[in-house]
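The lines below spell out each chain.
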Amino acid sequence: MFAKGTKRKFSDPGEEPALGAELGPVVRPLSSTYSLQRQSLLDMSLIKLQLCHMLVEPNLCRSVLIANTVRQIQEEMTQDGTWQIMTQALAAAQCPADRLVATEVLCRPSEALAAAQKEEEEEEVVVAAAMEEDVDSEANPLSSSSFLPAPFGAEPGWEDEEDDSEDEDSEECPSDAEDVPDSRRGDQVFGTFEIKHPAPPPDPALEELFSDVDPSYYDLDTVLTGMQSTPKMGPYDLLDSLSPHAAPALSTGTSCRSDLNELDHIMEIIS
Amino acid sequence: MHDICTTTFFKDIKLEEPTQLRFKIWTFSFFKNITDIISTVEFNHSGELLATGDKGGRIVIFQQEPESGNQPQCRAEYNVYSTFQSHEPEFDYLKSLEIEEKINKIRWLPQKNAAHFLLSTNDKTIKLWKISERDKRPEGYNLKEENGRYKDPYSITALRVPVFRPTDLMVEASPRRVFSNAHTYHINSISVNSDCETYLSADDLRINLWHLEITDHSFNIVDIKPANMEDLTEVITASEFHPNQCNTFVYSSSKGAVRLCDMRAAALCDQHTKIFEEPEDPNYRSFFSEIISSISDVKFSHTGRYMMTRDYLSVKIWDLNMETRPVETYQVHEYLRSKLCSLYENDCIFDKFECCWSGNDSVVMTGSYNNFFRMLDRGSGQDVTLEASRENIQPQSVLRPCNVSTGGKRKKDEIGVDSLDFNKKILHTAWHPLDNIIAVATINNLYIFNDQLN
């Protein structure tokens, strides 16, 4: 990757002695290298979290550690003010329908997730345009981070914006850095990236496409726990719960735009 | 198929320092397990048996050959004793996910009679296996032929008593108990209690207490699952019972803390009795700090006074009487600290290395990359890096300690950090409880070494 692999807080040697290893809401100038590294780490982490379309349950420890890393980066970016810049760029860039497509491609649900999500509380998800600060985030802190992948599936146009925002970032920082971090911003660290569902897509085909998609797919929670939600039944209730849950799993699978290979595989095993 | 090759190498390490490394000369036996990736290695309490589990759900047990007077130096002769399929792959229909048959842990029970018992576990199910020998068989049945077919009852005219006759040794493994349906998350540890009646099993979020005789229920003793799974930030990574105190156990977490619990305090041990955690070094703070502080293994010393933890870069020895910081810290491969980003990218940073104590607790051992493993002598403070590699071992050649160079100038016989093979990792090692014999598992091969007695 980079010549220096260590993610030090302060990549500018001139600043290091002055700021030392202090963390927290300390005013610190961002070098573009550091921002780039940090953004790259964030992107990498989110991709890692997305790679859960396996046949075997993903490693919970690994997922939790990656999620904690993402959270840590988001917190720091919020303090730096770069978080809001990025989310605004996102909002300005694309229409909701595109984002839905991108997200669907990345967060392709399996029948398992569909079945599992039936039990979870339906979480309200708000349109990405809710980056406007007046939206209250009652949302769970983790739901936002799953939307960051949307840019990954988007047109290359995103990359330009990222560069723009980076440039903006380095210019704006001296002034931003002076600002007291908006307390609402803190609340919205994780709340700004929610997508409203059902967002009315202009295309009726799209509407049909997503009619069966459970909104709670788009939560980080899904990534971490979608496979794990069955424990709510208790370990000894598996037999009892098998019948009510088996049916929705299959019906959702057949109606949802799922991976046909996956379905075939499962049918093979069941038969 | 097992390829057995026994060779003896002598290496006399003369050091400048007055005290020499105790483990200076090693003999090795080499077994190749070409079928599958080894996932766990464990000696039994006498050291006579060595069990390995693999990714295919198989267990292979090796038995030490009785020492021959001619070759006192070759104590590391282990031959295959028994092979059996412990766990089969399963499919969870509810979640549409496969349950791997990979054996995560094996733990032997203390031996009570002629048979040997061990617990083996995959992600979801624990099984108690009985391994017994049979060297006699009954012959002379009245109702059955020798080939097992039943005789026509009307053809029997006389009555005889069947007798036992010696036969070729047969080792049988039979499942005696199956402990299932108690873990929603992946089981990472099992540990037999010193009372020899109970054992614990730990998954990512819960620890259960079982009685060896009872399979249809267990007691939950630790539950760190948050009410809201979105608040989950910490998981259980390993757990072990104290070797002497049957009421005490510890569990380690992904945040680098070890909690000691006393089962006498409460039925549910969510409130720890002690917590062992070292404050983070601010000089090394980075986005990867938490990940590398995650503890991959925790082991009590044989005496029970100390506890060892393994995190990504170091091994720490803790005195159970002091929670604030470890009494000893050893760097395993500090040269990786500058490579954490790459190791995060290729997922190596999540590798779970195990660690083990020598029989007298004076030396600890753990694995690394490039098929290196490290031995750390607590008494002298010295350490050695050795390599478990077939290419480097030939008759008449010398098994030498390895060094990894970090600077620009590389000495002879050193290997650069960038030349390390991160696919060759030694995650599982075991030390004979009574002798200086060690078992080291690379991905596909098992190496057994013993030190030379003077």
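Residues numbered from 1 in each chain as written. Chains lettered and ligands numbered in written order. Predicted model: local features only at pLDDT ≥ 70, side-chain atom pairs only at ≥ 80, totals over all residues. Heavy atoms only, no water.

If you check an unreviewed UniProt entry, chain B appears there as Serine/threonine-protein phosphatase 2A 55 kDa regulatory subunit B from Gouania willdenowi. Turning to chain B, the UniProt record has this under Sequence similarities (unreviewed entry): "Belongs to the phosphatase 2A regulatory subunit B family." UniProt, in its Subunit (unreviewed entry) section for chain B, records the words "PP2A consists of a common heterodimeric core enzyme, composed of a 36 kDa catalytic subunit (subunit C) and a 65 kDa constant regulatory subunit (PR65 or subunit A), that associates with a variety of regulatory subunits." (UniProt positions renumbered as here; feature names shortened; annotations may be inferred.)

With an unreviewed UniProt entry as reference, chain A is termed Cell division cycle associated 4, source organism Gouania willdenowi.

**Thoughts on the environment of Leu336(B)**
Along the chain, Leu336(B) falls in the loop between β24 (328-331) and α2 (340-345). Accessibility expressed as a relative area gives 0% for Leu336(B), which makes it buried. (Helix = DSSP H or I, 4+ residues; strand = E, 2+ residues; numbered from the N terminus. Buried < 20%, exposed > 50% of the residue type's maximum accessible area, 1.4 Å probe, protein only.)

**Some details on the pattern of salt bridges**
The final tally for this structure, using the stated rule, is 25 salt bridges over all chains. Here Glu139(B) and Arg137(B) are joined by a salt bridge, their closest N and O atoms 3.3 Å apart. Given the relative accessible area of 22%, Glu139(B) is considered partly exposed. A salt bridge links Asp383(B) to Arg374(B); its shortest N-O distance comes to 2.7 Å. Accessibility expressed as a relative area gives 8% for Arg374(B), which makes it buried. If you follow the salt bridges from partner to partner, you end up with Arg38(A), Glu76(A) and Asp80(A) in one network. (Salt bridge = Lys/Arg side-chain N within 4 Å of Asp/Glu carboxyl O.)

**Observations concerning helix α3 (residues 60-80) of chain A**
Residue and element names in this part refer to chain A. Here α3 is 21 residues long and its end C-alpha atoms lie 30 Å apart, about the 30 Å a rise of 1.5 Å per residue gives. Most of α3 is tucked away, with 19 of its 21 residues classed as buried. One side-chain oxygen at the N-terminal end of α3 lies 3.0 Å from the backbone nitrogen of cysteine 61; it belongs to asparagine 59. Glycine 81 lies just past α3 and shows a positive phi near 90°. (Expected span 1.5 Å × (residues − 1). Polar contact = N/O pair within 3.5 Å; in protein donor to acceptor, adjacent residues only side chain to side chain.)

**Points about the nonpolar core**
Membership of the largest hydrophobic core comes to 45 residues, with the highest contact counts inside it found for Leu42(A), Phe288(B), Tyr312(B), Leu336(B), Leu343(B), Tyr344(B) and Ile349(B). Every residue in contact with Leu336(B), bar those within four places of it in the chain, is listed here: Tyr312(B), Leu313(B), Leu343(B), Tyr369(B), Val417(B) and Phe422(B). Listed in part, the 14 residues of the second largest apolar core include Val363(B), Met375(B), Val384(B) and Trp431(B). (Core = buried A, V, L, I, M, F, W, Y, C linked by side-chain atoms within 4.5 Å. Contact = heavy atoms within 4.5 Å.)

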